[in-house]
Amino acid sequence: MTAGGRLLVALFVIVGIPLAAVPVALMYGGGSPPAATAPAPARPAATSASPSPTAASTMHRATDRTGDRTASDATDAGPAYTKEIALRSGRSYDLHTTVRSGAPRPLVVLLHAYAHTAADMRDISGATPFADEHGFVLAYGHAVDGSWNAGTCCAGTNGQDDIAYLRELVADVARRTPVDRSRVYVWGYSNGGMLAARAVCEAPDVFAAAGVVAGHLLVPCDQARIRMMHIHGTADTTVPWRGGWSDYVHVTFPDARTESERVTSSSTVVGIPWDGGHAWPWWATGTLWGFSQQWSGTTALPSTR
């Protein structure tokens, strides 16, 4: 796909959602804006792939009750558990998995929004039960003082090396449960999505693909071939889809429609603008998984223009 390429339209199937409800994914060649934004699909009756906020909160609480399990408590086919893990660097993350041995599985690292927590991200995304159904390991990151260093937002001046943190997190997960290191993905919401975009650019040897919701790519990304899906509400004023000043974080953001111009020509950047605000839409988790699982580390190796 060249910088001046034509607008391509691709359809991504959301697991567990009727085909008629799937949003159209707009793949930008050269940052061309879509003729119209994709409306939010009608929400079906609650399923495990699309839990209601109430259901997600309930499942989060039920999962947390087993969060104090030790490593020896988890058997090969034991129940799912969530545990906070302390890293050697002094930072931490929440690991959610269902097995401790057996075939390696994909890993998704999920990053919360600015001033949010991992618990907020679990409730917003419904990713914990989704991971159990779809067979991947899940790790929720913990930001320092609630913010990620994604470049100019939102901890860009405090010197925190969040890319090193993510590398340490992935290596630690792989020591605790079998992980397919060629299928490690990073997703994030808002400021967490901005770090996810930075991570796939600066650590393509770790992350095969990224998923961004209501965030932006804020760093140079012209040295690696990346795979990224970007979901963003067109009515978002906190992190504007079309770029501009944010009164909330006091940052000027770039136009998301030009992201494909800021990555290598061999990259795949898929944008899904939808008729909403600064939110993680109910269908985002399934959509990001449908996109991410296509890619492995062998298709996301560093390359030059």
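This text goes with the structure placed above it.
Residues numbered from 1 in each chain as written. Predicted model: local features only at pLDDT ≥ 70, side-chain atom pairs only at ≥ 80, totals over all residues. Heavy atoms only, no water.

J.: Whenever I open this one, the packing of helix H4 (residues 162-176) against helix H5 (residues 191-202) confuses me. Can you help?
T.: Working note: a packed helix pair is described by the angle between its axes plus the distance between those axes. Orientation of H4 relative to H5, taken along the N-to-C sense of each, is 75°, at an axis distance of 10 Å. Taken together, the axes of H4 and H5 lie roughly perpendicular to each other. Here H4 contributes Asp162, Ile163, Leu166 and Arg167 to the contact with H5, which in turn contributes Leu195, Arg198, Ala199 and Glu202. Split by residue class, the contact of H4 with H5 holds four nonpolar, no polar and four charged. (Axes fitted to C-alpha atoms, helices over the stretch in contact; angles between N-to-C directions. Helix = DSSP H or I, 4+ residues; strand = E, 2+ residues; numbered from the N terminus. Parallel < 35°, antiparallel > 145°, perpendicular 65-115°, else oblique. Contact = heavy atoms within 4.5 Å. Nonpolar A, V, L, I, M, F, W, Y, C, P; charged D, E, K, R; others polar.)

J.: What's the story with the packing of aromatic side chains in this structure? I'm lost.
T.: By convention here, two paired aromatic rings are described through the distance between centres and the angle between planes. Under the defined criterion, the tally for this structure stands at nine aromatic pairs. Plain terms: the ring middles of phenylalanine 130 and phenylalanine 136 are 6.2 Å apart, the flat faces sit at 55° to each other, and that makes the pair tilted. The same class applies to phenylalanine 130 as to phenylalanine 136, namely buried. Between phenylalanine 136 and tryptophan 187, the ring centres sit 6.3 Å apart and the planes meet at 65°, which makes this aromatic pair edge-to-face. On the criterion of sequence distance, the pair formed by phenylalanine 136 in the loop between helix H3 (127-134) and strand E6 (137-141) and tryptophan 187 in strand E7 (residues 179-189) is long-range, its members being 51 residues apart. On the basis of relative accessible area, tryptophan 187 is assigned to the buried category, the value being 0%. Linked through ring pairs, Phe130, Phe136, Tyr185, Trp187 and Trp289 together constitute an aromatic cluster. Above the face of the tyrosine 165 ring, arginine 91 is positioned so that its terminal group lies 3.8 Å from the ring centre. The aromatic ring of tyrosine 140 is capped on one face by arginine 122, whose charged end is 5.5 Å from the ring centroid. (Phe/Tyr/Trp six-rings, centres within 6.5 Å; stacked < 30°, edge-to-face > 60°. Buried < 20%, exposed > 50% of the residue type's maximum accessible area, 1.4 Å probe, protein only. Lys NZ or Arg CZ within 6 Å of the ring centre and 35° of its normal.)

J.: What is the right way to look at H4 in this model?
T.: Each full turn of the α-helix corresponds to 3.6 residues, which orients residues three or four apart in the same direction. Between its terminal C-alpha atoms H4 stretches 21 Å, which fits the 21 Å expected from 15 residues at 1.5 Å a residue. Of the positions making up H4, those classed as buried are Asp162, Ile163, Tyr165, Leu166, Leu169, Val170, Asp172 and Val173. Elements that come into contact with the buried residues of H4 comprise strand E3 (81-86), strand E4 (92-97), strand E5 (105-111), E6, E7 and H5. (Expected span 1.5 Å × (residues − 1).)

J.: How do you make sense of the state of the cysteines when you look at a structure like this?
T.: This structure, assessed with the given rule, holds two disulfides. Between the sulfur atoms of cysteine 153 and its disulfide mate cysteine 154 the distance is 1.9 Å. The disulfide bridge from cysteine 201 ends at cysteine 221, spanning 2.0 Å between sulfur atoms. Taking the sign of the torsion about the S-S bond as the criterion, the disulfide between cysteine 201 and cysteine 221, at about -95°, is left-handed. Taken together, the residues cysteine 201 in helix H5 and cysteine 221 in the loop between strand E8 (209-213) and strand E9 (227-233) connect sequence positions 20 residues apart. Going through the chain in sequence order and numbering each bonded cysteine, the pairs you get are 1-2, 3-4. (Disulfide = S-S within 2.5 Å.)

J.: Looking at this structure, how should I read the pattern of salt bridges?
T.: Pairing is possible between side chains that carry opposite charge, provided their charged atoms lie close to one another. Tallying each qualifying case throughout the model produces seven salt bridges. Linking aspartate 162 and arginine 91 is a salt bridge whose minimum nitrogen-to-oxygen distance equals 2.7 Å. With aspartate 162 in helix H4 and arginine 91 in the loop between E3 and E4, the pair connects residues that are 71 residues apart, well separated along the chain. Of the two residues, aspartate 162 and arginine 91, both sit in the buried class. Here arginine 257 makes a salt bridge to aspartate 255, at a shortest N to O gap of 2.8 Å. (Salt bridge = Lys/Arg side-chain N within 4 Å of Asp/Glu carboxyl O.)

J.: Is there a simple way to think about helix H6 (residues 284-292) in this case?
T.: Of all nine residues that make up H6, nine are buried, and the element is covered over most of its length. Residues of H6 that are buried include every one of Ala284, Thr285, Gly286, Thr287, Leu288, Trp289, Gly290, Phe291 and Ser292, and no others.

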